[in-house]
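Coordinate inspection notes
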Amino acid sequence: MASATDSRYGQKESSDQNFDYMFKILIIGNSSVGKTSFLFRYADDSFTPAFVSTVGIDFKVKTIYRNDKRIKLQIWDTAGQDAGTGPCTTAYYRGAMGFILMYDNHQWRKSFQWPKSRDWSTQIKTYSWDNAQVLLVGNKCDMEDERVVSSERGRQLADHLGFEFFEASAKDNINVKQTFERLVDVICEKMSESLDTADPAVTGAKQGPQLSDQQVPPHQDCAC
Ligand code: GTP
Ligand code: MG
């Protein structure tokens, strides 16, 4: 299993303590939908056509300026597996403030069945912070000729699940940055709403929005 300190993911930014907020974000979805590619495109502006399935879980750190704040993103890349079969992954949902739920536009059966998407959604609701924000992303929109999931169908699913929707391509760098920035914005919006209403369930200690390095769950070994 990959370790959270594996050098492949490079952690040079992770020791930087100069930030206003730190958000933990998870990219989840079935195998081969493009989660690792999406993360590498965003964090390193790189893409490789080779498929090396992720083993375990790992993260990259990227710091951005948004809404006049320096925001450190700790972005976790999970191993693709069917929703409901990943106890190791769900342990990492704790403290996550945002999720990118990804499917692949050209694989209907494997990545986009309605029941499966509902399973993922249920899993997020079960294992994460109550106010975690989720974006649904249909990746590989560059493969227009092989598309089997229409944009409309993706949007319908997003509406049904109550998530915002993006189509993207890690390969052609379409909507990758925009997806992360929108997710950060909705997390910030939710944070300010929560502070306005001063709901103790949100602002309290459960898994609050201003996650510090110390609160990040340590890497856990498990036998999956
Ligand atoms: P697991 O680690 O098994 O969960 O898979 P993953 O979701 O991380 O998929 P990964 O990023 O490894 O990509 C799977 C394959 O799809 C690789 O061959 C990638 O090069 C390819 N791929 C990823 N994103 C895109 C994209 O936007 N367009 C195209 N055409 N191919 C992509
Ligand atoms: Mg992967």
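Our structure's up above, just so we're on the same page.
So, a few notes on the structure that sits alongside this text. (Residues numbered from 1 in each chain as written. Chains lettered and ligands numbered in written order. Predicted model: local features only at pLDDT ≥ 70, side-chain atom pairs only at ≥ 80, totals over all residues. Heavy atoms only, no water.)

1. Brief notes about the overall build of the chain
Along the chain, the regular secondary structure elements total 7 helices and 6 strands. Of the regular secondary structure in the chain, the N- to C-terminal order runs β-α-β-β-α-β-α-α-β-α-β-α-α. In the chain, which comprises 224 residues, the share counted as buried stands at 51%. Across the chain, every contact between residues at least 6 apart in sequence was considered, and the portion connecting residues at least 24 apart equals 78%. (Helix = DSSP H or I, 4+ residues; strand = E, 2+ residues; numbered from the N terminus. Buried < 20%, exposed > 50% of the residue type's maximum accessible area, 1.4 Å probe, protein only. Contact = heavy atoms within 4.5 Å.)

2. Some remarks on the sheet that holds strand 2 (residues 57-66)
The 6 strands are arranged 2-3-1-4-5-6 in an open sheet whose pairing can be described as mixed. Every interior strand has two partners, whereas the edge strands, strand 2 and strand 6 (164-167), have only one. Taking the axes of each pair of neighbouring strands and ignoring which way they run, one obtains an average angle of 25° across the sheet. As paired elements, strand 2 and strand 3 (residues 69-78) share 10 bridges and run antiparallel to each other. Across the sheet, residue Ile57 finds its bridge partner in strand 3, namely Thr78. (Pairing = 2+ DSSP bridges. Axes fitted to C-alpha atoms, helices over the stretch in contact; angles between N-to-C directions.)

3. Some words on the coordination of the magnesium ion (ligand 2)
Bound to the magnesium ion (ligand 2) are the protein donor atoms Thr36 (OG1) and Thr54 (OG1), situated 2.1 Å from the metal. Pair noted here: Thr36 is in helix 1 (residues 35-44) and Thr54 is in the loop between helix 1 and strand 2, with a separation of 18 residues, a long-range link. The class for Thr36 is buried, based on a relative accessible area of 19%. (Donors = N, O, S within 2.8 Å, 3.2 Å for Na, K, Ca; no water.)

4. Here we look at the site of ligand 1
Residues in contact with ligand 1 amount to 24 residues; listed here are only the nearest, Ser31, Lys35, Ser37, Ser53 and Gly80. At a separation of 3.3 Å, an oxygen atom of ligand 1 approaches a polar backbone atom of Val33. One of the side-chain nitrogen or oxygen atoms of Ser37 is found 2.6 Å away from an oxygen atom of ligand 1. Expressed as a share of its isolated accessible area of 660 Å², the protein-covered part of ligand 1 is 92%. Considered class by class, the residues forming the shell around ligand 1 number 8 nonpolar, 12 polar and 4 charged. (Near = heavy atom within 4 Å. Polar contact = N/O pair within 3.5 Å; in protein donor to acceptor, adjacent residues only side chain to side chain. Areas by Shrake-Rupley, 256 points an atom, 1.4 Å probe, with all protein chains shown as cover. Nonpolar A, V, L, I, M, F, W, Y, C, P; charged D, E, K, R; others polar.)

5. Brief notes about the pairing of strand 2
Within strand 2, 7 of the 10 residues are buried, which leaves the element mostly enclosed by the surrounding structure. Hairpin connection of strand 2 to strand 3: 2 residues between the antiparallel strands, including Asn67 at a positive phi of 50°.

6. Remarks on unusual backbone geometry
Of note, Asp68 is a non-glycine position whose phi angle comes to about 65°, a positive value. Summarising the element assignment, Asp68 is placed in the loop between strand 2 and strand 3. The phi angle at Asn173 is positive, at roughly 55°, despite the residue not being glycine. Mapped onto the fold, Asn173 is located in the loop between strand 6 and helix 6 (176-197). Note on Asn173: relative accessible area 41%, which makes it partly exposed.

7. Some thoughts on the pattern of salt bridges
Inspection of the entire model under this criterion finds 11 salt bridges. Put simply, Arg66, Lys177, Glu181 and Asp185 are held in one network by salt bridges that share partners. (Salt bridge = Lys/Arg side-chain N within 4 Å of Asp/Glu carboxyl O.)

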